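Commentary on secondary and tertiary structure
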Amino acid sequence: MATYLLKTEPSDYCFADLQKAGTCRWDGVSNAAALIAMRSMRKGDEVLVYHTGDEKAVVGLAKVTSDPFEDPEQPGKTAKGEPKFAVVTLAPVAAAKSRVTLAAIKADPRFKEFPLVTQGRLSVMAVGKTLDRLLRKMAGLPG
DNA sequence: GCCAACGTTGGC
DNA sequence: GCCAACGTTGGC
């Protein structure tokens, strides 16, 4: 089971909205690198939710409740037959007991190659096992 | 197919 | 509000 990190602008769609709704379809991803990560997700994977804007912190954990599928609003396949604009559905797992800020992540040398730091504009990325464990520990999230 | 111009994102 | 980074678009 893999873990990913998803960025969102909290004024647009925040972790609290997901907790309130109980489920959501994570769409709107159009960046090529981010879509590759979306397509590699599988049902049962987990995602750390990161808020950009004023918060700039990991705020919660959610579960991927579907395999990637075509965005009904933008259907289409890639040359490989994968969904062009891949989306998944999510369900909330837990809010972070302690939000892990971007500043804290940047201050820790173990994150120096983490895409959140090195590729500021990437909105969906896989999180390796080591950093996943570390982030969950820092956030007070279940492992 | 290359490259310049432009737009968008996100941190400061 | 500004600026840097980077992706995308459009002309050639």
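Residues numbered from 1 in each chain as written. Chains lettered and ligands numbered in written order. Predicted model: local features only at pLDDT ≥ 70, side-chain atom pairs only at ≥ 80, totals over all residues. Heavy atoms only, no water.

1. Observations concerning the pattern of salt bridges
Quick note on the threshold: Salt bridges are defined as contacts in which a side-chain nitrogen from Lys or Arg sits within 4 Å of a carboxyl oxygen from Asp or Glu. Here a helix means four or more residues in a row that DSSP labels H or I, a strand means two or more in a row labelled E, and each is numbered from the N terminus. Each residue gets one of three labels from its accessible area relative to the maximum for its type: buried under 20%, exposed over 50%, partly exposed in between, using a 1.4 Å probe on protein chains only.
If you walk through the whole model with that rule in mind, you get 8 salt bridges. In this structure, R99 engages E55 in a salt bridge whose closest nitrogen and oxygen atoms are separated by 2.6 Å. Of this pair, R99 sits in strand β6 (residues 86–101) while E55 sits in the loop between β3 (46–51) and β4 (57–64), and the two are 44 residues apart along the sequence. E55 gets classed as partly exposed once you look at its relative accessible area, which sits at 30%. Here the salt bridges share partners, and the residues they tie into one network are E46, K63, D132 and R136.

2. Describing the nonpolar core
What counts, and what does not: Side-chain atoms within 4.5 Å link the members of a nonpolar core, which is a set of buried Ala, Val, Leu, Ile, Met, Phe, Trp, Tyr and Cys residues. Note on definitions: a residue-residue contact is assigned when non-hydrogen atoms from the two residues lie within 4.5 Å.
By size, the foremost hydrophobic cluster in this structure holds 42 residues, and its most contacted members are L5, M38, M41, V47, L90 and F114. Sequence-distant contacts of M41, that is, excluding residues within four places in its chain, are made with Y4, L6, V47, V64, P68, V88 and V124.

3. A few points about the pairing of β4
This is how the line gets drawn: Any two strands are treated as partners once DSSP identifies two or more bridges connecting them.
Across the 8 residues that make up β4, a large majority, 7, are buried. Of the pairings in the sheet, the one linking β3 to β4 comprises 6 bridges and is antiparallel in character. Bridge pairing in β4 links Y50 to V58. In this antiparallel pair of consecutive strands, β3 and β4, the connection spans 5 residues, and G53 shows a positive phi of 70°. Relative to β6, β4 is paired through 7 bridges, and the arrangement is antiparallel. Bridging across to β6, V64 finds its partner in L90.

4. Considerations on the protein's contact with DNA strand B
As a reminder of what qualifies: Throughout, the term near means that a residue has one or more heavy atoms lying within 4 Å of the molecule or strand in question. For the purposes of these results, a polar contact is taken to be a pair of N or O atoms within 3.5 Å, where, inside protein, one atom must be able to donate a hydrogen and its partner to accept one; residues adjacent in sequence count only when each atom of the pair is a side-chain atom. The residue classification treats Ala, Val, Leu, Ile, Met, Phe, Trp, Tyr, Cys and Pro as nonpolar and Asp, Glu, Lys and Arg as charged. All others, Gly included, are polar.
Contacts to DNA strand B come from K7, Y50, G53, K56, L102, K106, G120 and R121. What you see for DNA strand B is that sugar and phosphate hold 79% of its atoms within 4 Å of the protein. The separation between a phosphate oxygen of DNA strand B and a polar side-chain atom of K106 is 3.0 Å. Taking R121, its side chain carries an N or O atom lying 3.0 Å from a base oxygen of DNA strand B. Counted by class, the surface near DNA strand B contains 2 nonpolar, 2 polar and 4 charged residues.

5. Some points on helix α5 (residues 129–139)
Counting along an α-helix, one turn takes 3.6 residues, and residues three or four places apart therefore face a common direction. Among all positions in α5, only L131, D132, L134, L135, R136 and A139 are buried. Considering only its buried residues, α5 is in contact with β1 (3–8), β3, β4, β6, α3 (102–107) and β7 (124–127). Two residues or fewer after α5 comes G140, characterised by a positive phi angle close to 70°.

6. Remarks on the environment of S30
Structurally, S30 can be placed in the loop between β2 (24–26) and α2 (32–39). The class of S30 is exposed, set by a relative accessible area of 56%. Along the primary structure S30 and E55 are separated by 25 residues, whereas in three dimensions their C-alpha atoms are 23 Å apart.

7. Quick word on unusual backbone geometry
Backbone geometry places K56, a non-glycine residue, at a positive phi of 50°. Within the element layout of this structure, K56 appears in the loop between β3 and β4. Its relative accessible area of 39% is what places K56 among the partly exposed residues.

8. Things to note about α2
When we look at burial in α2, the residues that qualify are A34, L35, A37, M38 and R39. Its side-chain oxygen placed 3.0 Å from the backbone nitrogen of A33, N31 serves as the N-cap of α2.

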